[in-house]
Amino acid sequence: MMRRNPGIWLLTLALVTSFAGCTGSVERQKEYLSRAYDHYAAGRYDKARVDVRNALQIDGDHAEARYLYALLLEREQNWREMLAHLRLATELDPSHMRARIKLGSHLIANHAFEEAIEQADAVLAQDPAHAEAHALRAAAYFKRGDAEKATASAETALRHQPGNVSAVAVLTQVYKTRDPQLALSIIRQGIQQQTESAALKLLEISVHEATGDVGTAARIYRNLISAYPENLYYYFRYVTLLEANGRGHEAEQVIRQIVNARPHDVELKLWLAQYLVNHRNPRVAEATLLSFIERDPDQTELRLALAEVQVAQRRRDQARATYRQLVADDPTSDSAQQARNELVRLELSSGNRDQAEELLGQILGLEPENPQALLTRAELALESDDPETAIAQARSVLRNEPESVAALLLLARAHERDGSIDLALDNYRQALAIEPDNETALIALTEAALGHGDLDMAVEMAAWALRVNPENTQASRLLVAAYAERGDLEEAIGQADHLARQEQTRLLGTYLLGRVYQKQRNYPAAAEMLEKAVALEPGLAEALRALVEVYVAMDQRGKAIAFLGSHAERHPEQGQATLLLGDLHAQDGDLDLASSQYQRAVERSPQVSSGYLLLGDLRYQQGNVSGAYAAYLDGLKTHPEDPGLLVRAAQIQEVQGNHREAIALYETALTYRDVVVARNNLAMLYADHLPTDENLHKAMSLMRPYGSTNRPELLDTIGWIYYRLGDGAQAIRYIKAALRKGGDDVEMRYHLGMAYVLNGQPEQARPELLAAVGSRQRFHGLEEARAQLDTI
């Protein structure tokens, strides 16, 4: 008997074992994937997710598992991850046609039409008769604006698969208004092939709606509801149809019918309440919610909705009581947290920032990463010119919710404020990757790109926003501006002219044409368009101002003055022309004539608060302090909540040494709007003139949001408050930061010197105090600085 080689025997055993293990893994993966599809088909999506993840743990390069995972992500509306998995599935298996079709349909939603066509072509290279691929091409062509190619591709799809819903949908869009009878014929042919297709029946409804045949559309909806009584979408569409055609009573009855059939469905009750708010009366909505709450008081969503209705009716005290009761009933519940967040919004809208901050502290004390509270804090930080804090708060939200578009947009704004434009642009792009048609993100990215000088991106984003919503006038304005800045003046003129030719945007288009001609230095054409804009809307201040600029550029200052004078006589109630006349006289150095025009403006148009500001500022410039103060006070009689007038009046009182009066005015200004200069000046008044413990802590509360700002005057104020509180080390830290960040005020040197004295560092104090005293400038604390120098 031949002796076996033990090494060969062991190697053979290892290969057999390895093969057996590999075979077992493949079988387990197939089992996981099969079970995942069963769960998916049955609507057990959480279980499907578990099984598909198990399959991917065995082989992460399994294309079918990636495809199924993408379907699950689609249900969660996690668009970015879904697209990534679909792309990976097509890379792992280029022959995976379902993944390509699904990817192509989402690429169309992202306006990536050429790439969608590429996916369709890749499928057709494998199967030239693939109806869905032809339909995908049709949809991409239609969205791209090529109706001829869209029609041809859709008809090809129907030849290969009569009744293909996607192809019928494209042809319906092509013919709905051009030839509605043909559109209906195509849809009915599809229904003959697929008698139970609800999607085709919805297309049929859309054509009847477009032609005004509401009765037929309503009948088809009723048939759908009868066939699918559990599908609330059909109820919603039916109600929308009834609403749009003045049949509100029927719409309300339909909703009440569903609510009565499902008495425990909170969402339906909320829908009814919202409908009543929008189409009946908030009082009716409130009474309906109260009746629901009486029957089921544990449905806290209804009580939250009740408070919203109360807020909508400006009954804020009742809303506060409703929210506070929710908090009192179960302080640690999700509903209580939501109620606190709504209370924060209420307090902020009422100017009660301290109460809002206290509530935010309660929310974050219970839930340190509550996203709504963190985003509110970020917003408050931005309002306080503290982008660093805003960035930190927004990032905290994104750590737990990386798909939060609200957090990404806020983070982008904070980076813009901080000067990090590239980071801002990147955050805007991330937001659009998640929600490609988010108009807020598109407009913000356009504005950021325009401000940063990335004009190609600005044009692309503004055009994208207009594709999403052709009625978006802000996008139109930005597109014209981007073209003009890029030097594509003909494109800018074309876009503006397109707006000027449409009734609803004629004024905007005419004004924009004037501005583009102005940039082109075609001043006669600019003047013609701007004159037309002013004729269309005499109160359009920016058109008036631009027209004056054009006249001045043409060396027709006299014509500008004559035009403004004539305009002011024809429209004495507006005031803008008179104010512009005052501005021209002020530029010419004729301050008396400018003053008389501002005076005339406030007499004729007391509703324009800027007239009082301009009049007061001019008087102050002339050395007439009491006259300036009188102008601000006159303005406050008509505009008692105007922060600009309140702050100006406070500054006059401060200059005159009337510190208590100044404090009262600053405090009043802050009840109406969070004005940074009011906070800063009020805090310094507390610190320098009323430095009680209570006032110093008030001052620190006012300045706390600016702890990481780059503005030297705010850092200096914080440091000086620390000095008054007896904390020399913190005072030195903040005042040195103020000087490091560009502060060159001699008072800051005095503050730093006194902080060094407090901290027991006379050697460092002396040069600072000498610099302050030696400047020969007057400042608060000059005598104290001199006295201190005599002692060190």
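Given the structure is predicted, the values throughout are model-derived calculations rather than measurements.

Here's the deal with the overall build of the protein chain
Then, number 1: Scanning the protein chain from N- to C-terminus turns up 45 helices and zero strands.
Then, number 2: Its C-alpha atoms put the protein chain at 110 × 85 × 60 Å along the principal axes.
Then, number 3: Residue burial in the protein chain is summarised as follows: out of 792 residues, 48% are buried.
Then, number 4: Of the roughly 38500 Å² that the protein chain leaves accessible, carbon and sulfur atoms contribute 49%.
Then, number 5: Measuring between centres, the 84 positive side-chain charges of the protein chain sit 2 Å from its 110 negative side-chain charges.

Topic: helix α15 (residues 266–279)
For the α-helix, the turn length of 3.6 residues means that residues three or four positions removed from each other point alike.
Then, number 1: With 14 residues, α15 extends 20 Å between its outermost C-alpha atoms, agreeing within 8% with the 20 Å of an ideal straight helix rising 1.5 Å per residue.
Then, number 2: Regarding α15, the residues found buried are V266, L268, K269, W271, L272, A273, Y275 and L276.
Then, number 3: Tucked inside the fold, the buried residues of α15 contact α13 (232–244), α14 (248–261), α16 (282–295) and α17 (300–312).
Then, number 4: You can read the cap of α15 off the contacts: a side-chain oxygen lies 3.1 Å from the backbone nitrogen of E267, and it is on D265.

Some points on the nonpolar core
Then, number 1: Judged by nonpolar contacts, the single largest core of 98 residues is most densely connected at Y323 and L564.
Then, number 2: In contact with L564, other than residues within four places in its own chain, are L544, V548, A577, L580, L581 and L584.

Side note on unusual backbone geometry
Then, number 1: Phi at H111 is positive, roughly 65°, even though this residue is not glycine.
Then, number 2: Topologically, H111 is positioned in the loop between α5 (97–109) and α6 (113–126).

Some points on helix α21 (residues 371–383)
Then, number 1: Taking 1.5 Å of rise per residue, 13 residues should cover 18 Å, and α21 covers 18 Å from first to last C-alpha, within 8% of that figure.
Then, number 2: For α21, the elements touching its buried residues are α19 (334–349), α20 (353–366), α22 (387–400) and α23 (405–418).
Then, number 3: Its side-chain oxygen placed 3.2 Å from the backbone nitrogen of Q372, N370 serves as the N-cap of α21.
Then, number 4: Once α21 finishes, D385 follows within two positions and takes phi at roughly 60°, a positive value.

Section: the packing of aromatic side chains
Then, number 1: Inspection of the entire model under this criterion finds 10 aromatic pairs.
Then, number 2: Relative to Y238, the ring of Y221 has its centre 5.9 Å away and its plane inclined at 35°; by these criteria the two rings are tilted. Pair noted here: Y221 is in helix α12 (residues 214–227) and Y238 is in helix α13, with a separation of 17 residues, a long-range link.
Then, number 3: Classification of Y238 as buried rests on a relative accessible area of 6%.

Considerations on the side chain of H585
Then, number 1: Turning to its location among the elements, H585 is positioned in helix α33 (residues 576–587).
Then, number 2: Contact partners of H585, with chain neighbours within four places excluded, come to I561, D590, L593, A594 and Q597.

Some details on the packing of helix α3 (residues 63–75) against helix α4 (residues 79–92)
Then, number 1: Packing of α3 against α4 leaves a shortest axis separation of 8 Å and a crossing angle of 160°. With respect to α4, the element α3 is oriented roughly antiparallel. In the packing of α3 onto α4, the handedness of the crossing is left-handed. Contacts between α3 and α4 pair A63, R66, Y67, Y69, A70, L73 and E74 from the former with W79, E81, M82, H85, L86, L88, A89 and L92 from the latter.
Then, number 2: Grouping the amino acids of the contact of α3 with α4 by side-chain chemistry returns 11 nonpolar, one polar and three charged.

Points about the pattern of salt bridges
Then, number 1: For the coordinates displayed, the defined rule picks out 38 salt bridges.
Then, number 2: With a shortest N-O distance of 3.8 Å, R144 and D146 are connected by a salt bridge.
Then, number 3: Under the relative-accessibility criterion, D146 is labelled partly exposed at 22%.
Then, number 4: Here R247 ties to E250 by a salt bridge, and the two come within 2.9 Å at their closest N and O atoms.
Then, number 5: By relative accessible area, R247 is classed as partly exposed at 24%.
Then, number 6: Here the salt bridges do not stand alone but share partners, grouping D317, R320, R324 and E347 into one network.

Structural notes on the environment of M700
Then, number 1: Mapping M700 onto the fold places it in helix α40 (residues 693–703).
Then, number 2: For the pair M700 and S420, spaced 280 residues apart in sequence, the C-alpha to C-alpha distance is 29 Å.
Then, number 3: Residues contacting M700, with those up to four places away along its chain left out, are I718, I721, Y722 and L725.

What about the confidence of the model for the protein chain?
Then, number 1: The predicted model of the protein chain has a mean per-residue pLDDT of 90, with 97% of residues at 70 or higher.
Then, number 2: Segment residues 1–21 is flagged for pLDDT under 50; beyond a separation of four residues in sequence, or across chains, it makes one contact in the model.

Cut-offs used in this document
- Residues numbered from 1 in each chain as written.
- Predicted model: local features only at pLDDT ≥ 70, side-chain atom pairs only at ≥ 80, totals over all residues.
- Heavy atoms only, no water.
- Helix = DSSP H or I, 4+ residues; strand = E, 2+ residues; numbered from the N terminus.
- Buried < 20%, exposed > 50% of the residue type's maximum accessible area, 1.4 Å probe, protein only.
- Areas by Shrake-Rupley, 256 points an atom, 1.4 Å probe, with all protein chains shown as cover.
- Lys, Arg positive; Asp, Glu negative; His and termini not counted.
- Charge placed at Lys NZ, Arg CZ, Asp CG, Glu CD.
- Expected span 1.5 Å × (residues − 1).
- Contact = heavy atoms within 4.5 Å.
- Polar contact = N/O pair within 3.5 Å; in protein donor to acceptor, adjacent residues only side chain to side chain.
- Core = buried A, V, L, I, M, F, W, Y, C linked by side-chain atoms within 4.5 Å.
- Phe/Tyr/Trp six-rings, centres within 6.5 Å; stacked < 30°, edge-to-face > 60°.
- Axes fitted to C-alpha atoms, helices over the stretch in contact; angles between N-to-C directions.
- Parallel < 35°, antiparallel > 145°, perpendicular 65-115°, else oblique.
- Left-handed = near helix turned anticlockwise from the far one by under 90°.
- Nonpolar A, V, L, I, M, F, W, Y, C, P; charged D, E, K, R; others polar.
- Salt bridge = Lys/Arg side-chain N within 4 Å of Asp/Glu carboxyl O.
- pLDDT = per-residue confidence, 0-100.

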